[in-house]
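# Working through the structure, step by step
Residues per chain are reported as follows:
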Amino acid sequence: MAYDTFAPSQDLNSGPFSPAADSALWRKQFLLGAATASYQIEGAVHEDGRLPSIWDTFSAIPGKVLAGDTGAVACDHYHRWEGDFDLLTALNFEAYRLSIAWPRVMDEAGRPNQKGLDFYKRLLARLKEKGLKTFVTLYHWDLPQHLEDRGGWLNRDTVYRFADYADLMSRELAGQVDAWMTLNEPWCSAYLGYGNGHHAPGLANGRFATQAMHHLLLAHGSAIPVLRANDPASQKGIVANVGRGTANSASAEDQRAAHLFEVQHNAWILDPLLKGAYPEDLFELWPGTEPLVLDGDLKTIAAPLDFLGINYYFRTNVESDGGHGFTEVPLEGVERTQMGWEVHPDGLRDLLIGFDKTYSNLPPIYITENGMASDDKVVEGHVDDPQRISFLKRHLAAVDSAIKAGVDIRGYFVWSLMDNFEWAFGYERRFGVVHVDYETQKRTVKRSAELIAKFLAERRLRN
Ligand code: FCB
């Protein structure tokens with residue numbers, strides 16, 4: 001598929017991070033950080049007692065990941081974390097979002113693996129020494145394979161195993177974590193993992209997707225009181241990826257299609273979390289896929305949150321499929337990234353303002369991921385990434401305008417600190433603000449990161 005390339009004449013001259021004088025981005029209370037996830041950067045998959053995860057299994061199956069890539073080595077962060085954290089500080093980031101690999105810290109019987117725990121303790125201690133705020137995701141998709149062998153997220157028992165895992169981690173790491181996130185993007189785990197098979201474990205069944213989602217959300221809701229009891233001073237939340245759907249025409253059918261797109265991407269997760277109910281429209285879209293829900297489940301899922309993490313990447317233009325669903329109609333002549341995703345910062349602003357209207361109990365928001373992939377190359381020791389600079393600038397401006405419209409947004413994390421294993425797309429897609437040469441593991445700061453660092457230094461001086 002051919003995509004429109006970025007026209008560098010767009011919006012690059014004023015520098016990326018010189019927001020207007022009245023912008024909330026200048027306030028030191030607005031956190032600016034970088035994000036990563038365990039399987040995407042750590043490597044060392046057989047070390048120190050780590051057990052296999054569903055991503056080890058899935059990426060080993062030919063055809064599942066572009067170029068046959070796996071996370072076996074990734075960015076070798078397991079051995080290079082000190083240097084990577086020096087980069088975080090050199091770039092003036094104030095917060096870091098990482099995830100814990102469940103298969104590193106617990107054995108099959110649920111007993112702690114001390115070596116794995118020590119790894120994360122060292123990481124968090126160093127981040128604290130450096131004065132960074134620590135945002136920790138418990139589940140960024142690397143389910144222990146032995147749990148998948150017993151049904152994974154289709155098995156209600158995984159909910160209780162997750163609560164045990166949350167209990168262990170919050171007892172061990174209490175005081176080292178500023179903000180806990182139970183799950184990263186349950187939509188991807190449920191829909192891509194169990195609904196269409198593009199992600200691990202690779203199952204493709206609509207009924208599986210809704211049941212996996214129910215168990216994921218229940219795992220989240222069951223973990224929240226555990227985290228509160230063990231680590232009362234930290235913030236507790238969850239991360240949802242959200243999608244903007246727009247209608248291809250003004251017809252009632254296409255408007256309805258766009259609505260259903262957002263039900264499937266956003267309300268499927270946010271309604272149970274914030275309203276204690278699944279959206280009815282979801283089962284109009286996918287008839288006969290209602291999950292098995294036991295008494296009390298929805299109350300557990302709707303446990304009050306201290307914050308909501310929002311990940312945003314692109315918008316999708318849709319039309320009615322003539323029945324109860326929608327189909328994508330890719331727009332021509334729009335700017336796209338290396339992923340083929342449309343660059344659409346207004347979608348982020350509109351969603352944030354929309355959520356604020358829809359959910360009267362919307363907790364404070366952190367943008368826990370936003371960023372883009374480009375085919376970045378090191379040329380004479382430098383990496384120029386003009387599209388990313390422009391992308392980040394425009395998305396930060398969108399966040400600022402949502403704040404001005406009254407939405408309580410407390411921070412923004414760029415995805416990602418460094419290029420890494422981009423799931424089914426392997427290493428080809430480069431999302432980092434730091435370039436990684438996978439042959440040598442050499443890190444090269446991209447131009448975007450230099451400009452972020454400059455802005456953050458200036459902001460520190462002003463505050
Ligand atoms: C999100 C994932 C993250 C990364 C980005 C590009 O869906 O949470 O791990 O792969 O997409």
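Residues numbered from 1 in each chain as written. Predicted model: local features only at pLDDT ≥ 70, side-chain atom pairs only at ≥ 80, totals over all residues. Heavy atoms only, no water.

## Some details on the overall build of the chain
Just so we agree on the cut-off: Note on conventions: DSSP H or I runs of at least 4 residues are helices, E runs of at least 2 residues are strands, and numbering of each starts at the N terminus. Note that the radius of gyration is over C-alpha atoms, with the globule rule given as 2.2 Å times the number of residues to the power 0.38. Two residues form a contact once any of their heavy atoms are found within 4.5 Å. Here the accessible surface of atoms and residues is derived via Shrake-Rupley with a 1.4 Å probe, and residues count as covered only by protein chains that are part of the display. Charged residues are defined narrowly, with Lys and Arg counted positive, Asp and Glu counted negative, and His plus the chain ends left uncounted. By convention, the charge on Lys lies at NZ, on Arg at CZ, on Asp at CG and on Glu at CD.
The helix and strand tally for the chain stands at 15 helices and eleven strands. Against the 2.2 N^0.38 benchmark of 23 Å for 463 residues, the chain shows a C-alpha radius of gyration of 21 Å, consistent with a compact globule. Projecting the C-alpha coordinates of the chain onto the three principal axes gives extents of approximately 60 × 55 × 45 Å. Of all intrachain contacts in the chain linking residues separated by at least 6 positions in sequence, the fraction that spans at least 24 positions is 77%. Approximately 17700 Å² of the chain is accessible, and the part contributed by carbon and sulfur atoms is 52%. For the chain, the distance from the average position of its 46 positive side-chain charges to the average position of its 62 negative side-chain charges is 6 Å.

## Details of helix α5 (residues 114-129)
The test is simple: In this analysis, the expected span of each helix is defined as 1.5 Å times one less than the number of residues it contains. Between buried and exposed lies partly exposed: a residue is buried under 20% and exposed over 50% of the maximum accessible area for its type, with that area taken using a 1.4 Å probe on protein chains only. The arc refers to the directions leading from the helix axis to the C-beta atoms.
Given a rise of 1.5 Å per residue, 16 residues ought to cover 22 Å, and the 22 Å separating the end C-alpha atoms of α5 matches this to within 8%. Restricting attention to buried positions, one finds in α5 the residues G116, L117, F119, Y120, L123, L124 and L127. Axial view of α5: buried residues confined to an arc of 155 degrees, hence all on one face. Close packing links the buried residues of α5 with α1 (38-41), α3 (77-90), β2 (95-99), α4 (102-105), β3 (133-139) and α7 (157-172). At the C-terminal side of α5, G131 shows a positive phi close to 80 degrees.

## Points about the state of the cysteines
To be explicit about the condition: Note on disulfides: each one is a pair of cysteine sulfur atoms within 2.5 Å.
On inspection of all chains with the given rule, the structure shows zero disulfides. Note on C75: no disulfide assigned, nearest cysteine sulfur contributed by C188 at a separation of 19 Å. Overall, C188 belongs to the buried group, its relative accessible area being 7%.

## Quick look at the side chain of H435
Just so we agree on the cut-off: Contacts described as polar in this section are N or O atom pairs within 3.5 Å, which, within protein, must combine one atom able to donate a hydrogen with one able to accept it, while residues neighboring in sequence count only if both atoms come from side chains.
Within the secondary structure, H435 sits in strand β10 (residues 434-437). Side-chain polar atoms of H435 contact the side chain of R430, separated by 3.4 Å. Beyond its immediate chain neighbours, meaning those up to four positions away, H435 contacts D376, V378, V383, D419, R430, K442, R443, T444 and K446.

Read these as layout, nothing more, since geometry by itself doesn't imply function.
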